[in-house]
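The residues making up each chain are set out below.
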Amino acid sequence: MIRRMTEADVSRVAELEQSCFSTPWSEQSLRESLEKPEYLFLVCEEDGKVIGYGGLLQVGDEADILDIAVAKDSRGHGYGTEIVRALLAEGRAMGIRAFTLEVRVSNRAAVHVYEKLGFVCEGRRKDFYEKPREDAAILWLRMDD
């Protein structure tokens with residue numbers, strides 16, 4: 001089940017951030033962003049436990065997709081894809097016409113998911129990531145209609 005993140009989910013989402021990313025969002029940053037209308041966070045639950053989440057930041061009719069995270073023991077079942085699909089659907093309902101994101105160039109699984117959903121690589125940010133230092137692919141999905 002995918003639903004909007006609530007205050008009650010913040011601690012679990014912060015745990016996912018810690019386990020999935022080398023430079024994670026803090027619990028305080030997540031909590032503060034959750035209160036702002038330009039942010040949208042969704043969580044994915046299985047058996048009542050949050051196993052993944054994703055977020056976006058809306059700027060006009062565009063959105064930057066922030067982190068997409070799925071617990072290590074829940075990967076490979078399509079949850080990440082479903083989180084992104086849900087963000088895109090919610091974003092379109094909010095009037096978003098174009099979505100962008102950065103992804104580590106070595107993260108082939110994530111790149112595959114984004115490309116499958118229609119994202120196209122439009123550039124590269126050199127040394128964008130730290131721990132380890134790595135380039136980011138800049139992907140875009142633009143709505144045609």
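Residues numbered from 1 in each chain as written. Predicted model: local features only at pLDDT ≥ 70, side-chain atom pairs only at ≥ 80, totals over all residues. Heavy atoms only, no water.

**Student:** Teacher, can you tell me more about the overall build of the protein here?
**Tutor:** Helix and strand counts for the protein stand at four helices and seven strands. Written out in order from the N terminus, the α and β elements of the protein read β-α-α-β-β-β-α-β-α-β-β. Against the compact-globule benchmark of 15 Å for 145 residues, the protein has a radius of gyration of 14 Å, which places it among compact chains. For the C-alpha atoms alone, the extent of the protein along its principal axes is close to 35 × 35 × 30 Å. (Helix = DSSP H or I, 4+ residues; strand = E, 2+ residues; numbered from the N terminus. Rg over C-alpha atoms; globule rule 2.2 N^0.38 Å.)

**Student:** Got a minute to help me understand the side chain of Glu-134 in this structure?
**Tutor:** The topology assignment puts Glu-134 in strand β7 (residues 134-142). Judged by its relative accessible area of 13%, Glu-134 falls in the buried class. At 3.4 Å, the side chain of Glu-134 and the backbone nitrogen of Val-105 are in polar contact. Here Ser-106 takes part through its side chain, which lies 2.6 Å from a polar atom of the side chain of Glu-134. Look past the residues within four positions of Glu-134 in its chain and what remains in contact with it is Arg-104, Val-105, Ser-106, Asp-127, Phe-128 and Tyr-129. (Buried < 20%, exposed > 50% of the residue type's maximum accessible area, 1.4 Å probe, protein only. Polar contact = N/O pair within 3.5 Å; in protein donor to acceptor, adjacent residues only side chain to side chain. Contact = heavy atoms within 4.5 Å.)

**Student:** What is the right way to look at the sheet that holds β7 in this model?
**Tutor:** By definition, the strands of a sheet pair up through backbone hydrogen bonds, in either a parallel or an antiparallel sense. The strand order across the open sheet formed by seven strands is β1-β2-β3-β4-β5-β7-β6, and the pairing between neighbours is mixed. Of all the strands in the sheet, just β1 (2-4) and β6 (120-129) have a single pairing partner and so form its edges. Averaged over neighbouring strand pairs, the angle between their axes works out to 25° when direction is ignored. Running over the sheet, helix α3 (residues 79-93) touches β1, β2 (39-46), β3 (49-59), β4 (62-70), β5 (98-104) and β7 and is turned about 155° from β4. (Pairing = 2+ DSSP bridges. Axes fitted to C-alpha atoms, helices over the stretch in contact; angles between N-to-C directions.)

**Student:** Explain the packing of aromatic side chains here, please?
**Tutor:** For any pair of aromatic rings, the description rests on two quantities: the centre-to-centre distance and the angle between the ring planes. Taken as a whole and assessed by the stated rule, the structure comprises six aromatic pairs. Considering the side-chain rings of Trp-25 and Tyr-39, the 6.3 Å spacing of their centres and the 85° angle between planes classify their relative orientation as edge-to-face. Remark: Tyr-39 occurs in strand β2 and Trp-25 occurs in the loop between α1 (10-20) and α2 (27-34); sequence separation between them is 14 residues. Feature note: the residues Trp-25, Tyr-39, Phe-41 and Tyr-53 constitute an aromatic cluster, connected by ring pairs. The residue whose ring lies beneath Arg-142 is Trp-140, and the NZ or CZ to ring-centre distance is 4.2 Å. (Phe/Tyr/Trp six-rings, centres within 6.5 Å; stacked < 30°, edge-to-face > 60°. Lys NZ or Arg CZ within 6 Å of the ring centre and 35° of its normal.)

**Student:** Please clarify how the pattern of salt bridges should be interpreted in this entry.
**Tutor:** When charged atoms on two side chains of opposite charge get close, those side chains can pair. Applying the stated criterion across every chain, the model contains 11 salt bridges. Of the charged contacts in the structure, one is a salt bridge between Arg-12 and Glu-15, with a shortest N-O distance of 3.2 Å. Note that Arg-12 and Glu-15 are positioned in helix α1 at a spacing of three residues, about one turn of the helix. Of the residues examined, Glu-15 reaches a relative accessible area of 47% and is grouped as partly exposed. When salt bridges with common partners are traced through the structure, they connect Arg-3, Asp-9 and Glu-45 into a single cluster. (Salt bridge = Lys/Arg side-chain N within 4 Å of Asp/Glu carboxyl O.)

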